[in-house]
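# A look at the structure
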Amino acid sequence: MITLAGWIGSKWEHSHELSRKVIHIGCGLLLPISYWLQLPRWIALTAALLAIGLVLLNYQRKWLGLIEDVDRKTYGTIFYCTSISTLILIFWNPDPVAMIAGSLVMAISDGLAGLIGKGVQSPTWRFNDQTKSLAGTTTMLLSTFLILMTVSHLTGNVLPIRFALLVSLIVTFLEQWSVYGIDNLTVPIMTALMFSLAANSDQLLAFFSNTVPLKTLL
């Protein structure tokens, strides 16, 4: 991913944001791919923890300037690796679907929101000293909703549309509150927690869907 991002950066001028998002999206996809390949949990967790160490070193030494090449002070890459480690630690065995949902929203929704928000002209506003746009926020909301519904149906977890919309609204707000890149931690973990809560609570599902409990649908 770093090699591809570096090639993009050298191929096109003013493509720093695109290069960073290639790493952001690509590395986030590694978690569901690792689970799909049935890698042992300890290997995935070790790799994630090692990534935290390397990112911390890079933050101090600036070996790979591309990763930290942004116009604001941020610890986003550190939070990113920390969130992956947390997802593996908490959800790998008991609820891998929630883990996958969290990682996909972080990788795809947050990544696309950044790209489209800067690439498409739309109304903007300031929130906690961060510039946000209508295009980026809309992308975050819609892509999160689509990811949740897609993961839900592909895995057989019946997630009510209204609950998926609620989760999408919450994580979109968390993405707005992205001081120092903290959204790379709050967005995936909140997504996974709420997805897991819904998938394992028949009462919650019945409340949002007004249908029969989940167990009778499987």
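In this text the structure is predicted, and so the values were computed from the model without any measurement.

All right, on to unusual backbone geometry then. Positive phi outside glycine occurs at Gln-38, with the angle close to 60°. Residue position: Gln-38 is located in the loop between α2 (16–36) and α3 (41–61). The backbone phi angle of Tyr-180 is positive, close to 60°, even though this residue is not glycine. Tracing the backbone shows Tyr-180 in the loop between α7 (161–176) and α8 (183–199).

A few words on the packing of aromatic side chains. In total, this model carries one aromatic pair according to the counting rule given. Here the aromatic rings of Tyr-35 and Trp-92 are separated by 5.1 Å at their centres, their planes lie at 75°, and the arrangement is edge-to-face. Placement of Tyr-35 in helix α2 and of Trp-92 in the loop between α4 (76–91) and α5 (96–119) is noted, with a sequence separation of 57 residues between them.

Turning our attention to the packing of α5 against α8. Remark: α5 packs on α8, axes separated minimally by 8 Å, with the N-to-C direction vectors making an angle of 145°. Judged by the sense of rotation from one axis to the other, the crossing of α5 with α8 is right-handed. Two secondary-structure elements touch here, α5 through Val-97, Ala-98, Met-99, Ala-101, Gly-102, Val-105, Met-106 and Asp-110 and α8 through Asp-183, Asn-184, Val-187, Pro-188, Thr-191, Ala-192, Phe-195 and Ser-196. Residues of the contact of α5 with α8, tallied by class, amount to ten nonpolar, four polar and two charged.

We now examine the nonpolar core. If you look at the biggest cluster of nonpolar residues, it comprises 37 residues, and the most contacted ones within it are Ile-88, Met-99 and Phe-195. Mapped onto this core, the elements with two or more residues apiece are α3, α4, α5, α6 (134–155), α7 and α8. A per-element tally of this core places α5 first, with ten residues. Those residues in contact with Ile-88 that lie beyond four places of it in its chain are Leu-31, Arg-41, Ala-44, Leu-45, Ala-48 and Met-99.

We now examine the confidence of the model for the chain. When pLDDT is averaged along the chain, the result is 81; 77% of the residues meet or exceed 70. Per-element confidence in the chain is highest for α6, whose mean pLDDT is 93, and lowest for helix α1 (residues 2–11), whose mean pLDDT is 57. Within the model, pLDDT remains below 50 along residues 211–218, and this stretch shows ten contacts once partners closer than five positions in the same chain are excluded.

Right, let's talk about the packing of α4 against α8 for a bit. A pair of packed helices is captured by two measures, namely the crossing angle of their axes and the spacing between those axes. Packing of α4 against α8 brings their axes to within 7 Å, and their N-to-C directions diverge by 20°. Between α4 and α8, the interaxial angle falls into the category roughly parallel. Along this stretch, α4 crosses α8, giving a crossing that reads as right-handed. Packed against α4, whose contacting residues are Gly-76, Thr-77, Phe-79, Tyr-80, Thr-82, Ser-83, Thr-86, Leu-87 and Phe-91, the element α8 presents Asn-184, Leu-185, Pro-188, Ile-189, Ala-192, Leu-193 and Ser-196 at the interface. Looking at the contact of α4 with α8 residue by residue, the classes come out as nine nonpolar, seven polar and no charged.

Our focus in this paragraph is α4. Since the α-helix advances by 3.6 residues per turn, residues separated by three or four positions end up pointing in the same direction. The end-to-end C-alpha separation of α4 is 22 Å, in line with the 22 Å expected for 16 residues at 1.5 Å each. Most of α4 is tucked away: twelve of the 16 residues are buried. When α4 is considered as a whole, its buried residues turn out to be Gly-76, Thr-77, Ile-78, Phe-79, Tyr-80, Cys-81, Ser-83, Ile-84, Ser-85, Leu-87, Ile-88 and Phe-91.

This part is about the environment of Met-140. Relative to the elements of secondary structure, Met-140 occurs in helix α6. For Met-140, the contacting residues outside a window of four places in its chain are Val-105, Ser-109, Asp-110, Ala-113, Val-171, Thr-172, Glu-175 and Val-187.

Evaluated as defined, the whole model comprises zero disulfides. Between Cys-81, a cysteine without a disulfide, and Cys-27, which holds the nearest cysteine sulfur, the sulfur-to-sulfur distance is 7.5 Å. For Cys-81, a relative accessible area of 11% corresponds to the buried category.

Scoring rules and cut-offs
- Residues numbered from 1 in each chain as written.
- Predicted model: local features only at pLDDT ≥ 70, side-chain atom pairs only at ≥ 80, totals over all residues.
- Heavy atoms only, no water.
- Helix = DSSP H or I, 4+ residues; strand = E, 2+ residues; numbered from the N terminus.
- Phe/Tyr/Trp six-rings, centres within 6.5 Å; stacked < 30°, edge-to-face > 60°.
- Axes fitted to C-alpha atoms, helices over the stretch in contact; angles between N-to-C directions.
- Left-handed = near helix turned anticlockwise from the far one by under 90°.
- Contact = heavy atoms within 4.5 Å.
- Nonpolar A, V, L, I, M, F, W, Y, C, P; charged D, E, K, R; others polar.
- Core = buried A, V, L, I, M, F, W, Y, C linked by side-chain atoms within 4.5 Å.
- Buried < 20%, exposed > 50% of the residue type's maximum accessible area, 1.4 Å probe, protein only.
- pLDDT = per-residue confidence, 0-100.
- Parallel < 35°, antiparallel > 145°, perpendicular 65-115°, else oblique.
- Expected span 1.5 Å × (residues − 1).
- Disulfide = S-S within 2.5 Å.

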